[in-house]
Amino acid sequence: MVHLSPGLRASEPYPFEELDRRKAAALAEGRPVVDFGVGDPREETPEFIRGALKDAIGPISSYPRAAGLPELRAAIVSWVERRFGTTLDPDAHILPTLGTKEPIFSLAQSLLDPEGGKHLVTVTSPGYTIPERGARFAGGDVARLSLTETDGFLPDLHAVDASTWGRTAALWLNYPNNPTGATAPLEFLRAAADHCRSHDVLLASDEAYSELWFDGEPPASALQVGDLTNVLVFHTLSKRSSMTGYRSGFVAGDPGMIAAMRAHRPSTGVTPQEFVQRASVAAWSDEAHVDETRAVYARKRKVFLDLFASHGIRVAGSVATFYLWVAVPGDISSLDWSLLLLDAADAIVAPGSFFGPEGEGYVRMAMVPTIEECERAAEALDGVLRSHL
């Protein structure tokens, strides 16, 4: 057998692969499964974005440059200024990326320095598992900060001792949060950035869901903290513009870190194809389609918020993103409740335990099926809840 690296040998199966297997088995039985498990939007990519993609496909293709097209960096800078009121330099602060999953996973490879005493990555839990997986693959250690409903799903940064901060290379935050749907106030993000700078830690802020919000003011961004030293922010078009398959995002922040990443990127070649970049220019330059997408998700959310309220089931967090973080009723594990809903209602939801042990007691529902599928699933779930509560 080929000798594998310790990181690959230690890698656990991605939890959603099990959901995919169970979904495939149910579909093979001819069941009308509705999948709320994985957050892959089913909304159409707007026609004007698809048109920009088609128009950009020429007879000759070339390797995309690691820095990305100047037009794309300019469009991103304009969007950041409109959305967050922050002025960035397109050459110093911005790096287009092939989505955000890859740079989130690989960031630890650029930061960890065991000989220098920086071998730890701190993540929040429950949470998106890729930062932790990337850290472990790079040979690093991981510390988890718990997110609890009682604390508004915000981590207590002061609960970590100075020695641990001294070993930490990066602190990962994710707001609006996957899986809880919670948001973080700007004051918290500023305090986190100050805390990281004081301990020579990089604040890495995953903001993939910043444009999916439903009440009050739009969510804050770490791009608004002022001093971007030791701050990197990750954004993507996947959710904002229903472009998951396009794999188009960007990293913004600390000029020194951006320069280091740009110098490394030619070795890995992970920048979107130029025709995708030109479609991305169109996407970042328009807000009307985002408003329409947000309205669609709001309609789907209401279907289930009304359903759960009628049965006295608590929905925690869930003020942003297209996720609902739903408390499991009764004395049953999140996995068993998920399996029951699949068997009894043909609905796939993600057990909270998939996002870390702190997620036990909840399930995550991604509002990605069509509105018709949501309404059909809600009717089936209503029957299940009536018989089991």
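Up top is the structure these notes are about.
Keep in mind it's a predicted model, so treat the numbers as computed, not measured.

### What to know about unusual backbone geometry
The omega torsion across Tyr175 and Pro176 is -10°, close enough to zero to call that bond cis. For Arg247, which is not glycine, the phi torsion reads 55° and is therefore positive. Tracing the backbone shows Arg247 in the loop between strand 7 (231–236) and strand 8 (249–253). Overall, the relative accessible area of 28% leaves Arg247 in the partly exposed class.

### Brief notes about the packing of helix 4 (residues 70–84) against helix 10 (residues 274–284)
Put simply, helix 4 and helix 10 touch, their axes get as near as 9 Å, and they point 20° apart. In terms of axis orientation, helix 4 runs roughly parallel to helix 10. As for how helix 4 packs across helix 10, the hand of that crossing is left-handed. The residues of helix 10 that touch helix 4, namely those facing Glu71, Leu72, Ala75, Ile76, Trp79 and Arg82, are Gln277, Arg278, Ser280, Val281 and Trp284. For the contact of helix 4 with helix 10, the per-class residue count stands at six nonpolar, two polar and three charged.

### Observations concerning helix 13 (residues 371–388)
The end-to-end C-alpha distance of helix 13 is 25 Å, a good match for the 26 Å that 18 residues give at a rise of 1.5 Å each. Buried within helix 13 we find Ile371, Cys374, Ala377, Ala378, Leu381, Asp382, Val384 and Leu385. Contacts from the buried residues of helix 13 go to strand 1 (34–35), helix 11 (288–310), helix 12 (334–345), strand 11 (347–348) and strand 13 (362–366).

### Things to note about the sheet that holds strand 7
With mixed pairing, the seven strands of this open sheet are ordered in space as 2-8-7-6-5-3-4. With partners counted over all chains shown, the strands left at the sheet margins are strand 2 (94–97) and strand 4 (141–146), one partner each. Recorded for the sheet is a direction-independent mean angle of 20° between the axes of neighbouring strands. As judged from the four bridges shared by strand 2 and strand 8, these two strands associate in the antiparallel manner. Bridge assignment links Ile94 to a residue of strand 8, and that residue is Ala252. Across the sheet, helix 9 (residues 255–268) is in contact with strand 2, strand 7 and strand 8; its angle to strand 2 comes to roughly 40°.

### Description of the side chain of Asp206
Its place among the elements puts Asp206 in strand 6 (residues 202–206). Although Asp206 lies buried, it forms no salt bridge, and the closest oppositely charged side chain, Lys239, sits 7.9 Å away as judged by the N-O distance.

### Some points on the environment of Arg190
Relative to the helices and strands, Arg190 resides in helix 8 (residues 186–198). Other than its neighbours up to four places away in sequence, Arg190 contacts Gln224 and Val225.

### Let's talk about the sheet that holds strand 10 (residues 323–327)
In spatial order, the strands read 9-10-13-12; together these four strands make up an open sheet with antiparallel pairing. Lying at the two open borders of the sheet, with one neighbouring strand each, are strand 9 (315–316) and strand 12 (350–351). Looking at chain direction, strand 12 and strand 13 are connected through two bridges and run antiparallel. Looking at the pairing, Ala350 lines up with Arg364 of strand 13.

### Quick notes on the pairing of strand 13
Regular strands show a simple pattern: their side chains alternate between the two faces of the sheet. The buried count for strand 13 comes to five of five residues, which makes it a mostly enclosed element. Residues of strand 13 alternate between two faces, with Tyr362, Arg364 and Ala366 on one and Val363 and Met365 on the opposite face, all of them buried. Note: strand 10 against strand 13, five bridges, orientation antiparallel. Across the sheet, the residue bridging to Trp325 is Arg364, located in strand 13.

Definitions and cut-offs
- Residues numbered from 1 in each chain as written.
- Predicted model: local features only at pLDDT ≥ 70, side-chain atom pairs only at ≥ 80, totals over all residues.
- Heavy atoms only, no water.
- Helix = DSSP H or I, 4+ residues; strand = E, 2+ residues; numbered from the N terminus.
- Buried < 20%, exposed > 50% of the residue type's maximum accessible area, 1.4 Å probe, protein only.
- Axes fitted to C-alpha atoms, helices over the stretch in contact; angles between N-to-C directions.
- Parallel < 35°, antiparallel > 145°, perpendicular 65-115°, else oblique.
- Left-handed = near helix turned anticlockwise from the far one by under 90°.
- Contact = heavy atoms within 4.5 Å.
- Nonpolar A, V, L, I, M, F, W, Y, C, P; charged D, E, K, R; others polar.
- Expected span 1.5 Å × (residues − 1).
- Pairing = 2+ DSSP bridges.
- Lys, Arg positive; Asp, Glu negative; His and termini not counted.
- Salt bridge = Lys/Arg side-chain N within 4 Å of Asp/Glu carboxyl O.

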